[in-house]
Amino acid sequence: MRNLIISAALVAASLFGMTAQAAEKPEAPYVELSNPVPVAEPGKIEVVELFWYGCPHCYAFEPVINPWVEKLPSDVNFVRIPAMFGGPWDAHGQMFLTLEAMGVESKVHAAVFNAIQKEHKKLTDKEDMADFLATQGVDKEKFLATFDSFAIKGQINKAKELAKKYEISGVPTMIVNGKYRFDIGSAGGAEQALKLADQLVAKERAATKAVAN
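Before going into details, it helps to say that this report is about the structure given with it. For every chain, the first residue of the written sequence is number 1, and numbering continues from 1 onward in sequence order. With pLDDT at 70 or above as the cut-off, local features in this predicted model cover only qualifying residues; side-chain atom pairs require 80 or more to be listed or tallied, and sums for whole chains, interfaces and linings still use all residues. Calculation of side-chain values draws on the structure's entire complement of heavy atoms; hydrogens and water are dropped beforehand.

## A few points about the overall build of the protein chain
Step number 1: A count of helical and extended segments in the protein chain gives 9 helices and 5 strands.
Step number 2: When a residue's accessible area, from a 1.4 Å probe over protein chains only, is under 20% of the maximum for its type it is buried; when over 50% it is exposed; and in between it is partly exposed. Going through the 213 residues of the protein chain one by one, you find that 40% of them count as buried.
Step number 3: Put simply, 70% of the contacts in the protein chain that link residues at least 6 apart link residues at least 24 apart.
Step number 4: A total of about 12200 Å² of accessible surface is found on the protein chain, and carbon and sulfur atoms cover 56% of it. A run of H or I in DSSP counts as a helix once it spans at least four residues, and a run of E counts as a strand once it spans at least two, with each numbered from the N terminus. We call two residues in contact whenever any of their non-hydrogen atoms come within 4.5 Å of each other. Accessible areas in this description were obtained via Shrake-Rupley with a 1.4 Å probe; residue shielding takes into account the shown protein chains only.

Right, dumping it as structure tokens:
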């Protein structure tokens, strides 16, 4: 009887140890998508940032991510995609896509962010958008015509479809090569998020070289 009690105690201790080990195993700071999403430019490693002009966390991420983007190697393609969950998200996303189609988004991106985050402008009405953007050198009539164009409607549908495929639930969220999804929180901070992006880019680069060889 005593031996049975000792054996039971040893088994229990062993099981407890296994449970403790499992609990201590750190979770990956990213999610690997079960269905990888094709990249915009085949042959390049893609890094996507999904954002919203109305998101204070995205705004705070700007001075961290922008210098990083400027130093990306030539085999990496960085893409910004507006998250569009309805209401002001959709309005701001349509504004971004319109400015991108006009080829002026990079010139006014910071000004739009500042207007919404610091000056508390709503910029959810297209006329208000056009009036503000005119102060930044954007042609008002051209903006309004492009904003309601068939091409922009197609870009909106594409952005929403990509967000669904990436299975995002908030912003800012980053996607590396259509395979790995993470955010600032899961990465442990803004700087850590970019370090994680670098690691995943290196992982994809190594995988590509291995296939080539």
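## Quick look at the state of the cysteines
As used in these notes, a disulfide is a covalent bond between sulfur atoms, one from each of two cysteines.
Step number 1: Throughout, disulfides are identified as pairs of cysteine sulfur atoms within 2.5 Å of each other. Applying the stated criterion to the full structure yields 0 disulfides.
Step number 2: Of all cysteine sulfurs, the one in cysteine 58 lies closest to cysteine 55, which takes part in no disulfide; the gap is 3.0 Å.
Step number 3: Taking the relative accessible area as the measure of exposure, cysteine 55 reaches 5% and is therefore buried.

## Some points on the sheet that holds strand 3 (residues 76-82)
Hydrogen bonding along the main chain pairs the strands of a sheet, whether they run parallel or antiparallel.
Step number 1: Two strands make a pair as long as DSSP finds a minimum of two bridges between them. Overall, mixed pairing links the 5 strands, which are arranged 1-5-4-2-3 in an open sheet. Both edges of this open sheet fall to strand 1 (31-32) and strand 3, since each of them pairs with a single strand only.
Step number 2: Bridge count for strand 4 (residues 173-176) against strand 5 (residues 180-183) is 4 bridges, and the pairing is antiparallel. Looking at strand 5, one finds that methionine 174 is bridged to phenylalanine 182.

## Re the side chain of glutamate 49
Step number 1: Tracing the chain through its elements places glutamate 49 in strand 2 (residues 45-51).
Step number 2: Whenever two N or O atoms come within 3.5 Å, that pair is a polar contact, provided that in protein one can donate a hydrogen and the other can accept it, and provided that, for residues adjacent in sequence, both atoms are side-chain atoms. Within polar-contact distance, the side chain of glutamate 49 engages the side chain of arginine 80 at 2.9 Å.
Step number 3: Every residue in contact with glutamate 49, bar those within four places of it in the chain, is listed here: Phe61, Ile65, Phe78, Val79, Arg80, Ile81, Pro172 and Thr173.

## Quick notes on the side chain of threonine 146
Step number 1: Along the polypeptide, threonine 146 turns up in helix 6 (residues 140-147).
Step number 2: The exposure class of threonine 146 is buried, given its relative accessible area of 18%.
Step number 3: Those residues in contact with threonine 146 that lie beyond four places of it in its chain are Thr98, Ala101, Met102 and Ile152.

## Focus: a negative patch on the surface
Step number 1: Surface patches are drawn from residues lacking salt bridges whose relative accessible area is over 30%; two like charges belong together within 9 Å, two nonpolar side chains (Val, Leu, Ile, Met, Phe, Trp, Tyr) within 5 Å. What makes a salt bridge here is a side-chain nitrogen of Lys or Arg within 4 Å of a carboxyl oxygen of Asp or Glu, nothing more. Working convention for charge: Lys and Arg count positive, Asp and Glu count negative, and His plus the chain ends are omitted. Think of each charge as sitting on NZ of Lys, CZ of Arg, CG of Asp or CD of Glu. Taken together, the side chains of Asp125, Glu127, Asp128, Asp139 and Glu141 define an acidic patch exposed on the protein surface.
Step number 2: Among the structural elements, aspartate 139 can be located in the loop between helix 5 (126-134) and helix 6.

## Comments concerning the packing of aromatic side chains
Centre-to-centre distance and the angle between the planes together describe a pair of aromatic rings.
Step number 1: Stacked, edge-to-face and tilted labels apply to pairs of Phe, Tyr and Trp rings (six-membered ring for Trp) whose centres lie within 6.5 Å, assigned for plane angles under 30 degrees, over 60, and everything in between, in that order. Inspection of the entire model under this criterion finds 10 aromatic pairs.
Step number 2: Between the aromatic rings of tyrosine 59 and phenylalanine 113, the centroid separation amounts to 5.5 Å while the plane-to-plane angle is 45°, which identifies the pairing as tilted. With tyrosine 59 in helix 2 (residues 56-70) and phenylalanine 113 in helix 4 (residues 105-117), this residue pair connects regions lying 54 residues apart in the sequence.
Step number 3: Here the aromatic residues Phe51, Tyr53, Tyr59, Phe96 and Phe113 are joined through ring pairs into a cluster of three or more.

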